[in-house]
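# Structure assessment
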Number of protein chains: 2
Amino acid sequence: MLTISQLAATANVTVRTVRHYHHIGLLPEPERDASGYRRYGAQAAVDLIRIRTLADAGVPLARIDALLHAQPDEFDAALTDIDAALQRKIEQLTTYRRRITELAGGERLVLPPEVVALLDRMRGLGVSERRVLLERDAWILMQALDPHLVPRRIREKNAGFDDPEATRLYLACDQSVDWDPDDPRLDQLIDDLDAWETRHERDSSQAGYPKLVSARVCEASPAWQRIISALTHRAEQRHRHRPAAPNNRPDS
Amino acid sequence: MLTISQLAATANVTVRTVRHYHHIGLLPEPERDASGYRRYGAQAAVDLIRIRTLADAGVPLARIDALLHAQPDEFDAALTDIDAALQRKIEQLTTYRRRITELAGGERLVLPPEVVALLDRMRGLGVSERRVLLERDAWILMQALDPHLVPRRIREKNAGFDDPEATRLYLACDQSVDWDPDDPRLDQLIDDLDAWETRHERDSSQAGYPKLVSARVCEASPAWQRIISALTHRAEQRHRHRPAAPNNRPDS
DNA sequence: GGTTGACCCTGACCCTACGTCAGGGTTGGA
DNA sequence: TCCAACCCTGACGTAGGGTCAGGGTCAACC
């Protein structure tokens, strides 16, 4: 006959675990000896090992209890079931392993690959990392709020960077963030932007592309505040002579 | 800006999970809007997804907290560590899968293969299932109490079944369990057993082999009680004329 | 026969990572 | 105006044990 610790050792569990199984009625309480110690026979070892085999496979104890009192055919069905669950879990863990290796790599985990490629393209063109991060955040919010919009916007953005003049203006805007609002280069930039807008005003597929600007950046940059107000002013003047095209898109 | 449920959805977790992470300080509490609702930016989504990536891989939340504030080199080391743990877990689950398939097959899980082979050999020789189960229990207890004894006993047992006369006697004993204690066949059996014992008395490698009997069986079988007492009596008589060989081995 | 260390007992609280319920306020569309 | 679908806090429940407290037993050694 075995003591509780001997029994526990044969099944590779702690004494506490055995007592827990008694407590919840999963393993029957054995006879006690004269001093009140539990004394186990071989059947207890068999039962305990069967229990642990199932528990190790992730089966909840409550279900194990039911299983051990089930008909053989139910039992077999449950085993098939459990085996399938195990296999699924293994596959899950394998994909988690892949994702873990991507943790170091910034936004790769959060955004679809097309967007990641776009951000990398911006970096390659010389866009400042600060701007790229703002762009990233905008994509994340768009993804959360209106995911079906993303593919079209990606095409539009990429088309923008296919146009050399648009790209030049974008980079100039990016660099102008820290300029003094009285910097003479700003006048030239505003003229160029206005000219570009005038040329593309009807082309809704790229509508307002260089205006895609985070509100937070505007607040922080006097130079940009000047650009925005100047462009808005000129656009209004132009539209006094033409019918207004609806072109207001709130940006997050 | 995102509400809590929108944030939760982008990371594929429940709202409760997000609040839990706030509560334990894993994810910083965001600003509230006028009505007290939490409002999240894109960085929260990035953080939450990173957290879940680690949590899904089985990293405890407390450790994730430490990891996110760690130096890049520590972080990388931890990732390697976590990846190795994942791989170990996958291998574990694979072996659990194998064990699950053996659950239907009786003692295979509980005993070493040599013992299982021995029990199968007994079944093949025609030993009753009741006897085999008693034998199985004896092996389980021996395994728990004195594992290093098992290999030698296996050799002895197998040697016993290599001897046709010993095997015949064993089978006869097995069948005699339910006989009436006055059954005339018992007299013949006792004579044969006594003769065998006399012949093998000095051969310690098989000492008392047919006597290997569970105490519980003896109690339940009047026929066996007669066999035991008769053999004991005869042995004593014989030993009155010869020096006694030490041959007492308590059988669990 | 006294001590020591390894066991055994019950009962109770602690842990993680949330789930769930109660009780109530907010929002947005029909 | 109403309803469903959100949001809030606070509190308790869950599995599968770990750990501690407070005490009894057993076997060996001195």
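Residues numbered from 1 in each chain as written. Chains lettered and ligands numbered in written order. Predicted model: local features only at pLDDT ≥ 70, side-chain atom pairs only at ≥ 80, totals over all residues. Heavy atoms only, no water.

## Quick notes on the relation of the copies chain B and chain A
Mapping chain B onto chain A leaves a residual RMSD of 0.1 Å; the transformation is a rotation of 180° accompanied by 0.0 Å of translation along its axis. Taken together, the rotation and translation describe the operation of a two-fold axis. Residue Ile90 of chain B, judged by its C-alpha, is the member of chain B lying nearest the rotation axis, at 2.9 Å. Here 100% of the interface residues in chain B have copies in chain A that are interface residues too; the copies meet face to matching face. (Least-squares fit on C-alpha atoms with pLDDT ≥ 70 in both. Contact = heavy atoms within 4.5 Å.)

## A short note on helix H3 (residues 42-56) of chain A
Residues and elements named next belong to chain A. The first and last C-alpha atoms of H3 sit 21 Å apart over 15 residues, in line with the 21 Å expected at 1.5 Å per residue. Within H3, the full set of buried residues consists of Ala42, Ala44, Ala45, Val46, Leu48, Ile49, Ile51, Thr53, Leu54 and Ala55. Positive backbone phi, approximately 95°, marks Gly58, located one or two places after H3. (Helix = DSSP H or I, 4+ residues; strand = E, 2+ residues; numbered from the N terminus. Expected span 1.5 Å × (residues − 1). Buried < 20%, exposed > 50% of the residue type's maximum accessible area, 1.4 Å probe, protein only.)

## Re the nonpolar core
Ranked by size, the top nonpolar core spans 108 residues in total, and within it Val18, Leu54 and Trp139 of chain A together with Val18, Leu54 and Trp139 of chain B carry the most contacts. Excluding anything up to four places from it in sequence, Val18 of chain A contacts Ile4, Leu7, Ala8, Val13, Leu27, Tyr40 and Leu48 of chain A. Ranked by size, the runner-up nonpolar core spans 16 residues in total, among them Ala166, Cys173, Trp179 and Leu231 of chain A. (Core = buried A, V, L, I, M, F, W, Y, C linked by side-chain atoms within 4.5 Å.)

## Here's the deal with the environment of Ile82 of chain A
Take Ile82 of chain A: it is sitting in helix H5 (residues 72-101). Judged by its relative accessible area of 4%, Ile82 of chain A falls in the buried class. Taking the C-alpha atoms as reference, Ile82 of chain A lies 7.5 Å from Val59 of chain A; in sequence the two are 23 residues apart. The contact partners of Ile82 of chain A, leaving out residues within four places of it in the chain, are Leu54, Ala57, Val59, Arg63 and Leu67 of chain A together with Ile100 of chain B.

## Describing the protein's contact with DNA strand D
Around DNA strand D lies a shell of 19 residues, among which Arg16 and Tyr37 of chain A together with Ser5, Arg19 and Arg38 of chain B are the nearest. Protein-proximal atoms of DNA strand D, defined as those within 4 Å of the protein, fall in sugar or phosphate at a share of 69%. In the model, a phosphate oxygen of DNA strand D is placed 3.1 Å from a nitrogen or oxygen of the Arg32 of chain B side chain. Mapped by element, the contributors of at least two residues to the surface near DNA strand D are helix H2 (15-23) of chain A together with helix H1 (4-11) and helix H2 (15-23) of chain B. Per element, the largest residue contribution to the surface near DNA strand D is 4 residues, and it comes from H2 of chain A. Grouping the constituent residues of the surface near DNA strand D by class yields 6 nonpolar, 7 polar and 6 charged. (Near = heavy atom within 4 Å. Polar contact = N/O pair within 3.5 Å; in protein donor to acceptor, adjacent residues only side chain to side chain. Nonpolar A, V, L, I, M, F, W, Y, C, P; charged D, E, K, R; others polar.)

## A closer look at the pattern of salt bridges
Scanning the model with the defined rule gives 42 salt bridges over all chains in all. Of the charged contacts, one joins Asp83 of chain A and Arg97 of chain B as a salt bridge, the two residues approaching to 2.9 Å between their closest N and O atoms. On the criterion of chain membership, the pair formed by Asp83 of chain A in helix H5 and Arg97 of chain B in helix H5 (residues 72-101) is interchain, its members lying in two chains. Here Asp83 of chain A falls in the buried class, since its relative accessible area comes to 17%. Connected through shared salt-bridge partners, Glu107, Asp120, Arg123 and Glu129 of chain A make up one network. (Salt bridge = Lys/Arg side-chain N within 4 Å of Asp/Glu carboxyl O.)

## Re the interface of chain B and chain A
Contact residues are listed per partner, giving 38 residues for chain B and 38 residues for chain A. Here chain B meets chain A over a buried area of about 3900 Å², counting both sides, of which 73% is carbon and sulfur. Of all residues in chain B, the largest losses of buried area upon contact with chain A belong to Arg97, Ile100 and Leu103 of chain B, amounting jointly to 17% of the total for that side. The interface formed by chain B and chain A contains 10 residue pairs in polar contact (both at pLDDT 80 or more). Listing elements by their share of the side of chain B that touches chain A, those giving two or more residues are H1, helix H3 (42-56), H5 and helix H7 (129-145) of chain B. Considering each element in turn, the side of chain B that touches chain A owes the most residues, 14 residues, to H5 of chain B. Residues of the side of chain B that touches chain A, tallied by class, amount to 23 nonpolar, 7 polar and 8 charged. (Buried area = accessible area lost by both parts, 1.4 Å probe.)

## Focus on the protein's contact with DNA strand C
Lining the immediate surroundings of DNA strand C are 19 residues, of which Ser5, Arg19 and Arg38 of chain A together with Arg16 and Tyr37 of chain B lie closest. With respect to DNA strand C, the side chain of Tyr21 of chain B contributes an N or O atom lying 3.0 Å from a phosphate oxygen. Backbone polar atom of Leu61 of chain B to a phosphate oxygen of DNA strand C: 3.2 Å apart, as the coordinates give it. Sorting the residues of the surface near DNA strand C by element identifies helix H1 (4-11) and H2 of chain A together with H2 of chain B as the ones contributing at least two each. The residue makeup of the surface near DNA strand C, split by class, is 6 nonpolar, 7 polar and 6 charged.

## Comments concerning the side chain of Arg38 of chain A
Residue and element names in this part refer to chain A. Along the chain, the position of Arg38 falls in the loop between H2 and H3. Classification of Arg38 as buried rests on a relative accessible area of 17%. Polar side-chain contacts of Arg38 include one of 2.9 Å to the side chain of Glu29. Sequence-distant contacts of Arg38, defined by excluding residues within four places in its chain, comprise Leu2, Thr3, Ile4, Arg19, His22, Glu29, Pro30, Glu31 and Arg32.

## Here's the deal with the side chain of Asp163 of chain A
Inspection of the secondary structure assignment puts Asp163 of chain A in the loop between helix H8 (150-162) and helix H9 (164-176). Non-local contacts of Asp163 of chain A, meaning those with residues more than four positions away in its chain, are made with Trp196 and His200 of chain A.

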